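Structure at a glance
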Amino acid sequence: KIKVGDFAEITKLMSDDMVDMFAEISEDFNPVHLDSEYAKKSRYKQKIIHGLMATSLFSGLFGTKLPGEGCVYKSQNIRFKRPIYVGDTVTARVKVSAVYIAKKTIIFDTCCLVRERVMIDGECEIFVP
């Protein structure tokens, strides 16, 4: 049923509370994510979210929307192109680029956007049941 060009997306506001929770889960307490004063002195001039926090939205899309229940990651490559700031609204989008029925895998182009600007992109392969 899944074909090249099919896509799914989710949009989410990246809040301070989410960044704090992600830091707890990931053990990444880098002050550029958590400390406004530190971040002001950084190259970004304000707090940025953890890049993997944004890309984790792909997992939810794969497990619930496309392809859906029972699928599992095989691989993911990621390119961080621009910082995503605390308070930005991120759209994570996945788009089918190849389907391999015999191998039960699907290749997706992946990206995270803020105001339709690509912040993160990459490609992944998913096992389907």
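For clarity, every value in this text was computed on a predicted model and none was experimentally measured.

Details of the packing of aromatic side chains
- Within the structure shown, the criterion is met by two aromatic pairs.
- A ring pair is formed by F62 and F108, whose centres lie 4.7 Å apart and whose planes are at 55°; its orientation type is tilted. Within this pair, whereas F62 is found in helix α4 (residues 51-64), its partner F108 is found in strand β4 (residues 105-114), the two being separated by 46 residues in sequence.
- Taken together, F62, Y73 and F108 form an aromatic cluster joined through their ring pairs.
- One residue, K103, lies across the ring of Y100, its end atom 4.8 Å from the ring centre.

Details of the pairing of strand β3 (residues 89-100)
- Alignment of strand β1 (residues 7-13) against β3, held across seven bridges, turns out to be antiparallel. Looking at the pairing, F7 lines up with K95 of β3.
- Bridge count between β3 and β4: ten bridges; the pairing is antiparallel. Residue pairing for β4: A98 is matched across the bridge by I107.
- Counted between consecutive antiparallel strands, the loop separating β3 from β4 contains four residues, among which K104 sits at a positive phi close to 55°.

As for a negative patch on the surface
- Taken together, D17, D20, E24 and E27 make up a surface patch of like negative charges.
- Taking relative accessible area as the criterion, D17 reaches 54% and is therefore assigned exposed.

Quick look at the side chain of K47
- Topologically, K47 is positioned in the loop between α3 (36-40) and α4.
- Polar side-chain contacts of K47 include one of 2.6 Å to the side chain of D16.
- The contacts of K47, once residues within four sequence positions are left out, are D16, V32, H33, L34, D35, S36, A39, Y85 and V86.

The rules behind these values
Residues numbered from 1 in each chain as written. Predicted model: local features only at pLDDT ≥ 70, side-chain atom pairs only at ≥ 80, totals over all residues. Heavy atoms only, no water. Phe/Tyr/Trp six-rings, centres within 6.5 Å; stacked < 30°, edge-to-face > 60°. Helix = DSSP H or I, 4+ residues; strand = E, 2+ residues; numbered from the N terminus. Lys NZ or Arg CZ within 6 Å of the ring centre and 35° of its normal. Pairing = 2+ DSSP bridges. Patch = residues over 30% accessible without salt bridge, like charges linked within 9 Å, V, L, I, M, F, W, Y side chains within 5 Å. Areas by Shrake-Rupley, 256 points an atom, 1.4 Å probe, with all protein chains shown as cover. Salt bridge = Lys/Arg side-chain N within 4 Å of Asp/Glu carboxyl O. Lys, Arg positive; Asp, Glu negative; His and termini not counted. Charge placed at Lys NZ, Arg CZ, Asp CG, Glu CD. Buried < 20%, exposed > 50% of the residue type's maximum accessible area, 1.4 Å probe, protein only. Polar contact = N/O pair within 3.5 Å; in protein donor to acceptor, adjacent residues only side chain to side chain. Contact = heavy atoms within 4.5 Å.

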